[in-house]
Amino acid sequence: MGKRFAVVAVLVWWAGLLTFTKASECNRVGDCSCEFYDGRGINLRPIIDLGGQPLHANDSSGDAYYFSPCQDINYTADDNKPDITSNECLKGYTLCKYDAVHHQLVRLGELKETQFTSDEGLFLSYIKPNHSITHVKLVCTSDKKSYFFPDSTTNVTTHLLLFSPYACPIVIEDFSKPSTGTVLLIMLFVGFVSYFLIGATVNALYLGARGIEMVPHLDFWRGLPGLVRDGAQFLQNGCRVANRAPDPDSYDAI
């Protein structure tokens, strides 16, 4: 009895853990938007107008970060510095770093690399294997403006903070609506069920049908496999009627 209780307890705990994990995940559904399992989500698109300046954050070390979460751009405020030795960000970036020590503009992330990750909060993560890992934590605020700050940096990993009202979950209606195909399938299913239920009721109450005879248009459904077979043969013959011997029971055979 004790072992069974322990097994049940472990299963319940595991199911609860999976449910919690799923609830905290935000699946990417756009360039800079994601959706939780309940239909709510994050849409960062309004943070920067199309063609606008990227978010800018200065670090106490002299480094600077430029962030354009919804589009790749190729310009920063440091492009024209005379001491720039290399500029990777000219190739297009979502997240760019000005390295004050080496006087370089380093591309930390591109739009295609954007990942929404959940670990004690929601992050935009950019991972370049054997190069850099950058996490931008999304912090929901009631302020109308968005603010971008550096948090911490190690040899490989950089943590940044984005405070924004657009980091607050909203209902992502456009992404949560069922597709046209889903709606059509539901309508088709409801139509078939209604057809059979109403037809069977009419046959039973008004015609006294019982058993399989209650199926509406029974002769049609019985002959449907043969009709499908004939249609397939017709297509196989290049839409030409095949010559075949008449049915022995037909008028033509007399």
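Criteria and cut-off values
Residues numbered from 1 in each chain as written. Predicted model: local features only at pLDDT ≥ 70, side-chain atom pairs only at ≥ 80, totals over all residues. Heavy atoms only, no water. UniProt positions renumbered as here; feature names shortened; annotations may be inferred. Helix = DSSP H or I, 4+ residues; strand = E, 2+ residues; numbered from the N terminus. Contact = heavy atoms within 4.5 Å. Areas by Shrake-Rupley, 256 points an atom, 1.4 Å probe, with all protein chains shown as cover. Core = buried A, V, L, I, M, F, W, Y, C linked by side-chain atoms within 4.5 Å. Buried < 20%, exposed > 50% of the residue type's maximum accessible area, 1.4 Å probe, protein only. Pairing = 2+ DSSP bridges. pLDDT = per-residue confidence, 0-100. Patch = residues over 30% accessible without salt bridge, like charges linked within 9 Å, V, L, I, M, F, W, Y side chains within 5 Å. Salt bridge = Lys/Arg side-chain N within 4 Å of Asp/Glu carboxyl O.

Recorded under Subcellular location (unreviewed entry), the UniProt text for the protein is reproduced unchanged: "Preautophagosomal structure membrane".

Draft legend 1. Local environment of the overall build of the protein. The helix and strand inventory of the protein stands at four helices and 14 strands. Looking at the protein alone, contacts between residues at least 24 apart form 40% of all its contacts between residues at least 6 apart. Entry remark: accessible area of the protein is about 17,200 Å², with carbon and sulfur atoms responsible for 60%.

Draft legend 2. The nonpolar core, seen in detail. Membership of the largest hydrophobic core comes to 26 residues, with the highest contact counts inside it found for Phe67, Val136, Leu138 and Phe148. Listing elements by their share of this core, those giving two or more residues are strand 4 (55-58), strand 5 (64-67), strand 8 (104-109), strand 10 (122-128), strand 11 (132-140) and strand 13 (157-164). With three residues, strand 10 is the single largest residue contributor to this core. Those residues within four positions of Leu138 in sequence are excluded, and the remaining contacts are Ile42, Leu44, Phe116, Leu122, Leu124, Leu162 and Ala167. Within the second largest apolar cluster, eight residues are counted, among which are Ala64, Cys89, Tyr93 and Cys96.

Draft legend 3. Highlighting the sheet that holds strand 14 (residues 170-171). Sheet architecture is open: four strands sit in the order 1-2-3-14, paired in antiparallel fashion. A single partner strand is all that each edge strand has here, and the edge strands are strand 1 (27-30) and strand 14.

Draft legend 4. Broad picture of the confidence of the model for the protein. Confidence in the prediction for the protein averages 82 pLDDT; 82% of positions are at 70 or higher. Low pLDDT (under 50) marks residues 1-21, which in the prediction has zero contacts with non-local residues, meaning those over four places away or in another chain.

Draft legend 5. Structural detail: the pairing of strand 11. One ladder, built from seven bridges, connects strand 10 with strand 11; its direction is antiparallel. Bridging across to strand 11, Phe123 finds its partner in Lys137. Joining the antiparallel neighbours strand 10 and strand 11 is a turn of three residues, in which Asn130 adopts a positive phi near 60°. As paired elements, strand 11 and strand 13 share eight bridges and run parallel to each other. Directly across from Cys140, in strand 13, lies its bridge partner Ser164.

Draft legend 6. Layout of a nonpolar patch on the surface. There is a patch of nonpolar side chains on the surface, built from Ile186, Phe189, Val190, Val193, Leu197, Ile198, Val202, Leu205, Tyr206 and Leu207 and spanning about 1,100 Å² of accessible area. Tracing the chain through its elements places Phe189 in helix 3 (residues 180-206). Take Phe189: its relative accessible area is 58%, and that puts it in the exposed class.

Draft legend 7. Expanded view of the UniProt feature "transmembrane region" (unreviewed entry) in the protein. Here, the residues flagged by UniProt with the feature "transmembrane region" (unreviewed entry) are residues 183-207. The distance separating the terminal C-alpha atoms of residues 183-207 is 35 Å; by composition the span is 96% helix and 0% strand.

Draft legend 8. Region of interest: the side chain of Lys97. You can see Lys97 is positioned in strand 7 (residues 95-99). Here Lys97 falls in the buried class, since its relative accessible area comes to 15%. Discounting residues that sit within four places of it in the chain, Lys97 has contacts with Asp63, Ala64, Tyr65, Gln104, Leu105, Val106 and Leu108.

Draft legend 9. Up close: the sheet that holds strand 7. Strand order across the open sheet formed by five strands is 4-5-7-8-6, with mixed pairing between neighbours. Edge positions in the sheet fall to strand 4 and strand 6 (86-87), since each of these pairs with one other strand and no more. Relative to strand 7, strand 5 runs antiparallel, the two sharing four bridges. Each bridged residue has a counterpart across the sheet, and for Phe67 the counterpart in strand 7 is Leu95.

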